[in-house]
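Tertiary structure, described
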Amino acid sequence: MENREQRPSRRSFMKSAVAAGTAYGAFSILGTTAKGAGKKIKVGLVGCGGRGSGAVMQHMTAAKVLNDKLNMGIEIEVVALADFDQGRCGRVGKRLKVPQDRWFGGAKGYHKLLDLKPDIMLTAAPPVFRPVHFKAAIEAGCHVFMEKPVAVDAAGVRTIMEAGKLAEKKGLFVVAGTQRRHQQGYNQTAQEIQEGAYGRVMAGRVAWNMGRIFHNNPMNPSKPEDLCRGGNWQLWVEMSGDHICEQHVHNLDVANWYIGTHPDNAGGFGHRVLRKAGNMYDFFSADLEYKVDGRSVYVHSMCRQVGNCWNWVGEQFTYEKSKPKDFKLSKPVCYSEIPQMGGGHQQEHINLLYYMMKGKYLNEAQSVAEATGTAILARDAAFTGQRLRWDDLFVKPSKKNPELFNKQLKPTALDFETGNIAYPKDGDIYHPGKKA
Ligand SMILES: NC(=O)c1ccc[n+]([C@@H]2O[C@H](COP(=O)([O-])OP(=O)(O)OC[C@H]3O[C@@H](n4cnc5c(N)ncnc54)[C@H](O)[C@@H]3O)[C@@H](O)[C@H]2O)c1
């Protein structure tokens, strides 16, 4: 049986049940409790491009929805903005009346933003920066909303996992931009799988196949802004993780969620035919092998940015059986008690604020790290032409190829802070079989 909807799997179900189910009686917001009078929330936004500007407005709307429908009395104050290109703070800054001396530019701007001690940091800078921004926010005691993907290499994925555990110890809330986890249809299917409506997940296919969105003029980067400034980052593996990581992560997240774990190993291929700028591939195809209760579940992952081709963005799974006509869930679908409005991008902020106000703990760092790690596993399998094991990238270095574990793409996020930047070259791509 096939189902286009979205469903989680047993092991990740257990994880999200733990993450989302713990009741935190009191967590600190402005030195009082979330359930008490202190409902003024100071927000800082890092990365004021398309998604960052959208996310901060959705955060404001989320408070309004909860105030209007549930009288929660939340007051959001956007206290600071940071963007590599300070001018990009203007659009949000003027609209939300953030004083101009709190628009921080450059790669170190987020330090100044965190010095102002916001309660929540929203971060939508390019993916390469996510691990350092997230870790710094958690160390500073901030709750976080972070966009996907959350890293571009194995080291970055592990940083997110570790900082996510620290967040849990500190009781800090974390929501990620893998918005399918906040859509009722996906949650309903996830819960149906968990409660056995379809039997076991047997196999799947997930895809982000779309038309071309890349620039076609070579860039020859020589200044940090050639890599960082709005849009340019989308051309470089070192900045975005490639489009398998940047876009297809959403579909891979659903596979992990519904199967209940991350893949054990992956093999794959891809290539670049059309692009002239940057160093990304045009397409990837990967075979992911999950190990579930001693059996293998295979998922075909596909993504492509080429025009005039078959396009499909979605997830399909084959199950052991059809859902019985009289099947009923034993409990309400996750988040269904919360006012629903405006799709996943809006709902993730409503759910974050609702859970914070109710003191119900929520931390999506591990799931979004695993989704990003799945993309990196499949990508690196394509880049190297080898079948790669999850553990060799994310658990411990293998004797045969420790580079898979230790690999950190350059320039790193910190290189932008020191100015010591190794510039990638247009068209310098990975050649399977030639270059690890
Ligand atoms: N969840 C979703 O569906 C969704 C949709 C779109 C984008 N995204 C994600 O959001 C992120 C941002 O994407 P976008 O479309 O807004 O890109 P964008 O290019 O419009 O914005 C990125 C912004 O980050 C700034 N920036 C670059 N380096 C920075 C640094 N070191 N510190 C602070 N700011 C820095 C850029 O100047 C730019 O203003 C990406 O990770 C992308 O994958 C998610």
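Only a predicted model underlies this, so the values are computations on that prediction, with no experimental measurement involved.

Definitions and cut-offs
- Residues numbered from 1 in each chain as written.
- Predicted model: local features only at pLDDT ≥ 70, side-chain atom pairs only at ≥ 80, totals over all residues.
- Helix = DSSP H or I, 4+ residues; strand = E, 2+ residues; numbered from the N terminus.
- Rg over C-alpha atoms; globule rule 2.2 N^0.38 Å.
- Buried ≥ 20, exposed ≤ 12 C-beta atoms within 10 Å, placed from the backbone.
- Contact = placed C-beta atoms within 7 Å.
- Pairing = 2+ DSSP bridges.
- Expected span 1.5 Å × (residues − 1).
- Near = placed C-beta within 6 Å.
- Nonpolar A, V, L, I, M, F, W, Y, C, P; charged D, E, K, R; others polar.
- Core = buried A, V, L, I, M, F, W, Y, C linked by C-beta atoms within 7 Å.
- pLDDT = per-residue confidence, 0-100.

Time to look at the overall build of the chain. Along its length, the chain carries 16 helices and 15 strands. Relative to the globule expectation of 22 Å for 436 residues, the C-alpha radius of gyration of the chain, 21 Å, shows essentially globular dimensions. With the C-alpha coordinates of the chain rotated into their principal frame, the extents come out at 60 × 60 × 45 Å. The 436 residues of the chain split such that 51% are buried. Restricting to contacts in the chain with at least 6 residues of sequence separation, those with at least 24 account for 76%.

Time to look at the sheet that holds strand β6 (residues 103-104). Taken together, 6 strands build an open sheet; the order of strands is β6-β5-β4-β7-β8-β9 and the sheet is parallel. Each of the sheet's edge strands pairs with one partner strand only, and the pair in question is β6 and β9 (174-176). For strand β5 (residues 75-82) and β6, the ladder comprises 2 bridges, and the chain directions are parallel. Bridging from a neighbouring strand, Leu-81 pairs with Trp-103 of β6.

In this section: helix α6 (residues 154-170). Spacing of three or four residues puts side chains on the same side of an α-helix, whose turn is 3.6 residues. For α6, spanning 17 residues, the distance from its first C-alpha to its last is 25 Å, which sits close to the expected 24 Å at 1.5 Å a residue. Of the residues making up α6, those classed as buried are Ala-154, Gly-156, Val-157, Thr-159, Ile-160, Ala-163, Gly-164 and Ala-167. Those residues of α6 hidden inside the fold are in contact with α5 (130-139), β9, α13 (365-384), α14 (390-394) and α15 (403-406). Positive phi shows up at Gly-171, right after α6, with a value of about 70 degrees.

A few words now on the site of the ligand. The environment of the ligand is made up of 29 residues, and the closest members are Gly-49, Arg-51, Phe-84, Glu-147 and Gly-177. When residues in the shell around the ligand are grouped by element, the largest group, 3 residues, is from helix α2 (residues 50-70). Broken down by class, the residue content of the shell around the ligand amounts to 12 nonpolar, 9 polar and 8 charged.

All right, on to unusual backbone geometry then. Put simply, Lys-148 and Pro-149 share a cis peptide bond, and its omega is -20 degrees. Relative to the assigned elements, Pro-149 resides in the loop between β8 (143-146) and α6. Although it is not a glycine, Lys-117 sits at a positive phi angle of roughly 50 degrees. When you line up the elements, Lys-117 lands in the loop between α4 (109-115) and β7 (120-123). For Asn-220, which is not glycine, the phi dihedral falls at a positive 45 degrees. Looking at the element boundaries, Asn-220 is found in the loop between β10 (201-210) and α8 (224-228). According to the C-beta neighbour criterion, Asn-220 is exposed, with 10 such atoms within 10 Å.

What follows covers the nonpolar core. Grouped burial of nonpolar side chains is what soluble globular proteins tend to show. Formed by 126 residues in total, the largest nonpolar core has its most connected members in Leu-81, Val-144, Leu-353 and Ala-378. Per-element accounting of this core gives the leading share, 11 residues, to α13. If sequence neighbours within four positions are ignored, Leu-81 has contacts with Leu-45, Cys-48, Cys-89, Val-92, Gly-93, Val-98, Arg-102, Trp-103 and Phe-104.

Attention now goes to the confidence of the model for the chain. With 91% of its residues at a pLDDT of at least 70, the chain reaches an overall mean of 91. Segment residues 1-38 is flagged for pLDDT under 50; beyond a separation of four residues in sequence, or across chains, it makes 95 contacts in the model.

The next subject is the environment of Pro-224. Tracing the backbone through its elements, the reader meets Pro-224 in helix α8. C-alpha separation for the pair Pro-224 and Glu-147, spaced 77 residues apart in sequence, amounts to 22 Å. Among all residues touching Pro-224, those that are not within four sequence positions of it are Phe-416 and Ile-421.

A few words on the pairing of β7. Within a regular strand, side chains alternate between the sheet's two faces. Neither face of β7 is open: one carries Ile-120 and Leu-122, the other Met-121 and Thr-123, and all of them are buried. As paired strands, strand β4 (residues 40-46) and β7 are joined by 4 bridges and run parallel to one another. Bridge pairing links Gly-44 to Met-121 in β7. As paired elements, β7 and β8 share 4 bridges and run parallel to each other.

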